[in-house]
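# Reading the structure
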Amino acid sequence: FLTTLLLFTILCLGAAHGQTSFKIGASAGNGLNKGLLELDNEDFSVDKTDLAFKAYAALSGKYFGLEAGYRNLGKVELSQDGVQGFSQSKGVDILGTGTLNLGPIALFGKAGAYVGTTHNQLKSLSTDPDIDALYTQASFTWGTGLAVNLGLLHLRAEYEKIMLPNQALGMISFGAGINLW
């Protein structure tokens with residue numbers, strides 16, 4: 001908390017000197033869901049992708065910043081050993097960012113915390129009972145990307161990974177946003 005407060009103070013001081021920007025935007029792309037789902041003492045392997053999207057707001061200084069957002073990583077269908085179902089993940093994150101500006105092009109990296117829910121549902125084709133589980137988890141997340149600043153508009157491509165205990169979630173996306181100041 002103290003690190004976030006210190007970074008926010010530095011960014012606000014930078015805003016007073018015209019070196020801070022505030023952006024909002026959205027991205028869409030491929031939601032990645034890979035891992036081992038353990039439900040009711042049974043293991044189900046997942047390695048699937050689905051359409052994913054996110055919305056974000058960012059406060060950025062010349063080199064460092066903060067980004068917060070909401071993401072929906074899609075819904076992947078499962079089918080294994082006579083069992084069908086799905087896994088769906090969505091949540092919010094807050095990240096510290098680092099940026100290397102090269103004219104209108106910026107390379108960035110980010111790391112922080114993700115808090116989200118994963119809904120896993122399995123329906124057995126036999127007489128076994130169905131499983132419906134909703135998990136809320138907090139975990140480390142990181143990402144990297146490239147942005148092109150076009151005055152009021154910015155475009156970005158990025159890769160992000162969310163590290164859950166038995167499951168790796170991620171997103172490869174392209175998006176656009178508005179530089180508000």
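Below: a short report on this structure. (Residues numbered from 1 in each chain as written. Predicted model: local features only at pLDDT ≥ 70, side-chain atom pairs only at ≥ 80, totals over all residues. Heavy atoms only, no water.)

## Topic: the overall build of the chain
- In terms of helices and strands, the chain carries one helix and eight strands.
- Here the chain holds 181 residues, and the buried ones make up 39% of them.
- Residue pairs in contact within the chain that sit at least 24 positions apart in sequence constitute 58% of those at least 6 positions apart. (Helix = DSSP H or I, 4+ residues; strand = E, 2+ residues; numbered from the N terminus. Buried < 20%, exposed > 50% of the residue type's maximum accessible area, 1.4 Å probe, protein only. Contact = heavy atoms within 4.5 Å.)

## Re the nonpolar core
- If you look at the biggest cluster of nonpolar residues, it comprises seven residues: A52, L73, Y114, I162, L164, L169 and M171.
- Apart from residues no more than four positions distant in its own chain, A52 is found in contact with S27, A28, G29, N30, G31, N72, L73 and M171.
- Ranked by size, the runner-up nonpolar core spans six residues in total, among them V76, L78, V83 and I131. (Core = buried A, V, L, I, M, F, W, Y, C linked by side-chain atoms within 4.5 Å.)

## Digging into the pairing of strand β5 (residues 105-124)
- Across 20 bridges, strand β4 (residues 83-102) lies against β5 in antiparallel orientation. Among the inter-strand pairings, V92 is bridged to a residue of β5, identified as V115.
- Across 18 bridges, β5 lies against strand β6 (residues 131-150) in antiparallel orientation. In the sheet register, Q121 faces β6, and the bridge partner there is D132. (Pairing = 2+ DSSP bridges.)

## Digging into the environment of T49
- Relative to the helices and strands, T49 is located in strand β2 (residues 42-60).
- For T49 and E77, which are 28 residues apart along the polypeptide, the C-alpha to C-alpha distance reads 9.3 Å.
- Dropping the residues within four chain positions of it, T49 is found in contact with N30, G31, L32 and V76.

## Observations concerning the environment of N120
- With respect to the helices, strands and loops of the structure, N120 is situated in strand β5.
- Classification of N120 by relative accessible area gives buried; the value is 2%.
- In the structure, N120 is positioned 32 residues away from Q88 in sequence and 6.6 Å away in space, judged by C-alpha atoms.
- Within the local environment of N120, its side chain forms a polar contact with the side chain of S87, the two groups lying 2.7 Å apart. (Polar contact = N/O pair within 3.5 Å; in protein donor to acceptor, adjacent residues only side chain to side chain.)

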